[in-house]
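A look at the structure
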Amino acid sequence: MSDRFKELAEEIKSFSVSNDEQLESYRLRFIGRKNIIGDLFAQMRDVPNEEKKAFGQSVNELKNLAQEKFQELINGLNSREAEEEDHPDLTLPPVDNEFGSIHPLTATRQRFIQIFERIGFNVSSGPEIEDDWHNFTALNFPENHPAREMQDTFFIEKNPDIALRTHTSSVQIRVMENEKPPIRTLSPGRVFRNEAISARAHCVFHQMEGLYIDKNVSFADLKQTLYHFVKEMFTKDTKIRFRPSYFPFTEPSAEIDISCQICHGDGCNICKYTGWVEIGGSGMVDPNVLKNCGIDPEEYSGFAFGMGIERITMLRYGIKDLRLFTENDVRFLKQFNSL
Ligand code: DAH
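This is a predicted model, so every value here is computed, not measured.

Section: the overall build of the protein chain
- If you tally the helices and strands in the protein chain, you get 12 helices and 10 strands.
- Against the compact-globule benchmark of 20 Å for 339 residues, the protein chain has a radius of gyration of 39 Å, which places it well outside the compact range.
- Each of the three principal axes of the protein chain carries a C-alpha extent, and together these read 125 × 50 × 35 Å.
- Counting all 339 residues of the protein chain, 42% fall into the buried class.
- Put simply, 66% of the contacts in the protein chain that link residues at least 6 apart link residues at least 24 apart.
- Positive and negative side-chain charges in the protein chain, numbering 40 and 53 respectively, have mean positions lying 4 Å apart.

And the structure:
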């Protein structure tokens, strides 16, 4: 019998495990409910009385040995796992990294800024929640202008009026109130209008505002600057035209059209078969606006423009539905991986 004890003790001592399955097979053999040491206890009945004591002692020793070894094996496995975490296996094949991409609206904004920075413009910003003064009154909007109506603008409070800004022109006022001319600034940002969402309209979109104030700034400067911009943003052969228009904060005012980037003038449903698409508004800053900001209109003049970033992005990449910009569909966004 003592040989059997020795054999088992040897087996326990030399047992080694390198994973949870092996540990489990140890546990089933030496620790679990119907284990091999339990069988030995059961054999006590048949052992002659004078040997019972020694037998019992040996079985107990074996049991303790198995318990200690079990704890040792558990500890060994735990520290091995901790070690592996510290030293990852460098021979494993790499995990495939998915690269994100720049959102097309961001790409257009960045390109816009790049073009204007080279001709001396800086970048400024203002709040998306605006007061009446900056969004309307200082921009020369009359008391009864339709943009001041509840159905066009998202008001947060009435009297005094606080609203989500309807355009980035509010930033013009903030810049002119705080800085002395010469001013050359671009103000990108989100704007909000109470409109139903469709392929061509959204209640949240982005604009890029431009403002240039100095001595002797003329309409010729406005035209030349925008010619330059359009050729840089689109292609060298892109044509531009100015259509007389009206904005309360500019005089004279002009709508900016460019030759259609989709059909190149042949006529398509994007340009409504005219060959031209509107990209924004512009004009010479109204003297009343300069006065409202403490700038002397006798000494200074300037031009301003505001363009839709979504519109320009749609023309750049031939995107036909505005809703794609906010749906976050990776199949759409992935196409801009190289930007
Ligand atoms: N704020 C105008 C709009 O949202 C666009 C605009 C027109 C901005 C003429 C200007 C400007 O700075 O001079 O419709």
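Quick look at a negative patch on the surface
- Among the surface-exposed residues, Asp-20, Glu-21, Glu-81, Glu-83, Glu-85 and Asp-86 lie close enough to one another that they form a single negatively charged patch.
- At the level of secondary structure, the elements contributing two or more residues to the negative patch comprise α2 (20-30) and α4 (49-86).
- Broken down by element, the negative patch gets its largest block of residues, 4 residues, from α4.
- Looking at the secondary structure, you find Asp-20 in helix α2.

What to know about the site of the ligand
- Around the ligand sit 15 residues in total, of which His-167, Ser-169, Arg-193, Gln-207 and Glu-209 are the nearest.
- Note that a nitrogen atom of the ligand is positioned 3.0 Å from one of the side-chain N or O atoms of His-167.
- A distance of 2.9 Å is found between a nitrogen atom of the ligand and a side-chain nitrogen or oxygen belonging to Ser-169.
- Within the complex, the protein chains bury 90% of what would otherwise be the 360 Å² of accessible surface of the ligand.
- Looking at the shell around the ligand, the elements with two or more residues in it are α7 (169-178), β6 (204-214), β9 (276-285) and β10 (301-308).

So, the sheet that holds strand β1 (residues 122-123)
- With mixed pairing, the 7 strands of this open sheet are ordered in space as β1-β5-β6-β10-β9-β8-β7. Of all the strands in the sheet, just β1 and β7 (240-247) have a single pairing partner and so form its edges.
- In this structure, strand β5 (residues 183-192) lies alongside β6, joined through 10 bridges in antiparallel fashion. Across the sheet, the residue bridging to Pro-188 is Met-208, located in β6.
- Strands in contact with helix α5 (residues 104-117) are β1, β5, β6 and β10; relative to β5, the strand with the most contacts, it is inclined by about 165°.

What about the packing of α2 against α4?
- In contact at an axis separation of 11 Å, α2 and α4 are set at 170° when each is read in the N-to-C sense. Classified by the angle between their axes, α2 and α4 sit roughly antiparallel to one another. On the side of α2, the interface is formed by Asp-20, Leu-23, Tyr-26, Arg-27 and Phe-30, while α4 contributes Ala-66, Lys-69, Phe-70, Leu-73, Ile-74 and Leu-77.
- Among the residues making up the contact of α2 with α4, the classes are represented as 8 nonpolar, no polar and 3 charged.

Focus on α5
- In this model α5 runs 20 Å from its N-terminal to its C-terminal C-alpha over 14 residues, within 8% of the 20 Å that 1.5 Å per residue would give.
- Taken together, the buried positions of α5 are Pro-104, Leu-105, Ala-107, Thr-108, Arg-111, Phe-112, Ile-113, Ile-115 and Phe-116.

Things to note about the domain arrangement of the protein chain
- Each assigned domain of the protein chain is listed with its residue range as follows: domain 1 (2-86) and domain 2 (107-336).
- On a C-alpha basis, the centres of domain 1 and domain 2 stand 81 Å from each other.

Observations concerning α7
- For α7, the buried fraction is high: 7 of the 10 residues fall into the buried class.
- Every buried residue of α7 is listed here: Ser-169, Ser-170, Val-171, Gln-172, Ile-173, Val-175 and Met-176.
- On its buried face, α7 sits against β2 (129-131), α6 (132-135), β5, β6, α9 (287-292) and β10.

Digging into the pairing of strand β8 (residues 250-259)
- The element β8 is largely enclosed, with a buried count of 8 among its 10 residues.
- Where β7 meets β8, 7 bridges bridge the pair, whose relative direction is antiparallel. Counted as the bridge partner of Arg-243 is Glu-255 from β8.
- Linking two consecutive strands that pair antiparallel, namely β7 and β8, is a turn of 2 residues.
- As defined by bridge partners, β8 adjoins β9 across 8 bridges and the pair is classed as antiparallel. Across the sheet, residue Ser-253 finds its bridge partner in β9, namely Gly-283.

Some details on the packing of aromatic side chains
- Going through the model one piece at a time under the given rule, you end up with 20 aromatic pairs.
- When the ring of Tyr-26 is compared with that of Phe-30, the centres are 4.9 Å apart and the planes differ by 45°; the resulting orientation is tilted. With a gap of 4 residues between them, Tyr-26 and Phe-30 both fall in helix α2, about one helical turn apart. There is no split in this pair, since Tyr-26 and Phe-30 are both buried.
- Feature note: the residues Phe-112, Phe-116, Phe-121, Tyr-212, Phe-229, Phe-303 and Phe-305 constitute an aromatic cluster, connected by ring pairs.
- Seen from the ring of Phe-155, Lys-158 lies directly overhead, with NZ or CZ sitting 4.0 Å from the centre.

How each quantity is defined
Residues numbered from 1 in each chain as written. Predicted model: local features only at pLDDT ≥ 70, side-chain atom pairs only at ≥ 80, totals over all residues. Heavy atoms only, no water. Helix = DSSP H or I, 4+ residues; strand = E, 2+ residues; numbered from the N terminus. Rg over C-alpha atoms; globule rule 2.2 N^0.38 Å. Buried < 20%, exposed > 50% of the residue type's maximum accessible area, 1.4 Å probe, protein only. Contact = heavy atoms within 4.5 Å. Lys, Arg positive; Asp, Glu negative; His and termini not counted. Charge placed at Lys NZ, Arg CZ, Asp CG, Glu CD. Patch = residues over 30% accessible without salt bridge, like charges linked within 9 Å, V, L, I, M, F, W, Y side chains within 5 Å. Areas by Shrake-Rupley, 256 points an atom, 1.4 Å probe, with all protein chains shown as cover. Salt bridge = Lys/Arg side-chain N within 4 Å of Asp/Glu carboxyl O. Near = heavy atom within 4 Å. Polar contact = N/O pair within 3.5 Å; in protein donor to acceptor, adjacent residues only side chain to side chain. Pairing = 2+ DSSP bridges. Axes fitted to C-alpha atoms, helices over the stretch in contact; angles between N-to-C directions. Parallel < 35°, antiparallel > 145°, perpendicular 65-115°, else oblique. Nonpolar A, V, L, I, M, F, W, Y, C, P; charged D, E, K, R; others polar. Expected span 1.5 Å × (residues − 1). Domains from an automatic or database assignment. Phe/Tyr/Trp six-rings, centres within 6.5 Å; stacked < 30°, edge-to-face > 60°. Lys NZ or Arg CZ within 6 Å of the ring centre and 35° of its normal.

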